Every structure is written in structure tokens, then in C-alpha cells.
Amino acid sequence: MSSGLGADTKGKAGSCSIVAAMGDLKGVFRYKDARQVSIMGRDMRRWDEDGVSDPDASDYGEFVLKSGMARLPNDPALLVMYASFLIEVRKDGQGARTQLQLLQKASPSLLDNYNIFVAQQLAKQLRRDGDGLDLMGYVEYQRNYRSCVRVHKMALMAQRAFWNTLLRSDKIPFRDMQV
């Protein structure tokens, strides 16, 4: 199997010039299925002693995934791979959720639906582990906050109406309200 690069740009993912040299996509391997993209992308699985992924290898892996998605645009397996890449390597939960929404339109199989579920769980965990809110979390927070304020305001208005009825009404003597 080819390395995914043209003959003039062969090398390891460790050199930053590989991705930069691929601005011209004529040298990119023409993938036939998602399995070939997966095999080529395995070179991005390099971490340092702290468990942080190698940035050059990550750039190479992203390039391989994007070139595979350009060749096979509606392949559910590739969309799941890219969403997982965004979650695990780039820590981009919002981008991963976007990819998963695109994946829902690509008529995924039963196995792909399970992979979508797993990726969504990873994205939720990433959001919980992060200290900030992404756009979807912020929108959900704002909706819940407005709902809470609306319900609280209605409860206060009901209490006010209750006490106004009791205090201004001649129909209920104060002695009857004592227990």
C-alpha cells in the first residue's frame, strides 16, 4: 500500500513540511474505502511521555482523514473516525458534534449508530471535564435559566395573588385562618 503521499514527498509524519507540501492534492493516495484511511491514519498515534499527542503526527493524521473524506464524502465510518479524532486529539467537542450531525444524514448502519453513540458519550465527557461552556452548552444553559426565571416569577405572582385575596377579602375572617 502506498504511503498516502506522492513519490516526491515521502517521509515520516514527524516533519512538518509533509502536510504543507500537500497543498497540491495530486500526490495524495486515492483511497478506495474507509479501511485504507484508517490504516494510513495510524501513523498519528504517537504520544510523548505525558500522554500528549505529537502535534506533527496529529496534523498528518488530520490531513489523511480530510483527504479520505474528500475522496469518500458520505462514508459514515470516516465521519465517525474524524469526530473521534476531534474529540480525542483536538479536544474539540463542538466540531465533533457537528460531524456527528452530518453523520446522521448519511444513513448510518447499526454499527455506525453504536459508534455515534460512543462518540456522543465521549463528547459529553469532554464537555464535563472542561471548565468552560461551548456554544451548545451555553445555549442549553440560557434556555434552562430563562425557564427557571419564568417559573419562579409565576410562583411569586401566585403567592402575591393568594395574600392579596386573603388580606383584602371580607369573605374570610382572620379567626378562621388560625389553626
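Residues numbered from 1 in each chain as written. Predicted model: local features only at pLDDT ≥ 70, side-chain atom pairs only at ≥ 80, totals over all residues. Heavy atoms only, no water.

Student: Account for the overall build of the chain, with residues named and values stated.
Tutor: Per the secondary structure count, the chain includes eight helices and zero strands. If you list the helices and strands of the chain from N to C, you get α-α-α-α-α-α-α-α. Counting only residues that meet the buried cut, the chain has 31% of its 179 residues in that class. Across the chain, every contact between residues at least 6 apart in sequence was considered, and the portion connecting residues at least 24 apart equals 55%. Entry remark: accessible area of the chain is about 12600 Å², with carbon and sulfur atoms responsible for 56%. (Helix = DSSP H or I, 4+ residues; strand = E, 2+ residues; numbered from the N terminus. Buried < 20%, exposed > 50% of the residue type's maximum accessible area, 1.4 Å probe, protein only. Contact = heavy atoms within 4.5 Å. Areas by Shrake-Rupley, 256 points an atom, 1.4 Å probe, with all protein chains shown as cover.)

Student: I'd like a description of the packing of helix α2 (residues 34-41) against helix α4 (residues 76-88), backed by residues and values.
Tutor: Running from amino to carboxyl end, α2 crosses α4 at an angle of 25°, the nearest separation of the two axes being 9 Å. When the interaxial angle is binned, α2 and α4 end up roughly parallel. Here α2 and α4 pass one another in a crossing that is right-handed. Contacts between α2 and α4 involve Ala 34, Val 37 and Ser 38 on the former and, on the latter, Ala 77, Leu 78 and Met 81. In terms of residue class, the contact of α2 with α4 is built from five nonpolar, one polar and no charged. (Axes fitted to C-alpha atoms, helices over the stretch in contact; angles between N-to-C directions. Parallel < 35°, antiparallel > 145°, perpendicular 65-115°, else oblique. Left-handed = near helix turned anticlockwise from the far one by under 90°. Nonpolar A, V, L, I, M, F, W, Y, C, P; charged D, E, K, R; others polar.)

Student: Break down the environment of Leu 72 for me, citing the residues and quoting the values.
Tutor: Assignment of secondary structure puts Leu 72 in the loop between α3 (55-71) and α4. Taking the C-alpha atoms as reference points, Leu 72 and Tyr 31, 41 residues apart in sequence, are found 7.9 Å from one another. The residues touching Leu 72, leaving out its near neighbours within four places in the chain, are Tyr 31, Lys 32, Asp 33, Ala 34 and Leu 78.

Student: An account of unusual backbone geometry is needed here, citing residue identities and associated values.
Tutor: Positive phi, normally seen in glycine, also occurs at Lys 91, with a value near 55°. Judged by relative accessible area, Lys 91 falls into the exposed class, the value being 54%.

Student: Before we move on, can you summarise the pattern of salt bridges with the specific residues and values?
Tutor: Taken as a whole and judged by the stated rule, the model has four salt bridges. Between Asp 59 and Arg 90 there is a salt bridge, and its shortest N-O distance comes to 2.9 Å. Of this pair, Asp 59 sits in helix α3 while Arg 90 sits in the loop between α4 and α5 (93-104), and the two are 31 residues apart along the sequence. Here Arg 90 falls in the partly exposed class, since its relative accessible area comes to 31%. Glu 62 is the partner of Arg 90 in a salt bridge, and the nearest nitrogen-oxygen pair spans 2.7 Å. Placement of the pair is Arg 90 in the loop between α4 and α5 and Glu 62 in helix α3, with a sequence separation of 28 residues. Residue classification places Glu 62 among the buried residues on the basis of a relative accessible area of 15%. (Salt bridge = Lys/Arg side-chain N within 4 Å of Asp/Glu carboxyl O.)

Student: Kindly report on the packing of aromatic side chains, identifying the contributing residues and their values.
Tutor: The full count for this structure, using the stated rule, is three aromatic pairs. Ring centres of Tyr 141 and Tyr 145 lie 6.2 Å apart, and the angle between their planes is 25°; on these two criteria the pair is classed as stacked. Of this pair, Tyr 141 and Tyr 145 both sit in helix α7 (residues 135-168), four residues apart, roughly one helical turn. When its relative accessible area of 46% is taken as the criterion, Tyr 141 is described as partly exposed. On the accessibility criterion, Tyr 145 (46% relative accessible area) is partly exposed. (Phe/Tyr/Trp six-rings, centres within 6.5 Å; stacked < 30°, edge-to-face > 60°.)

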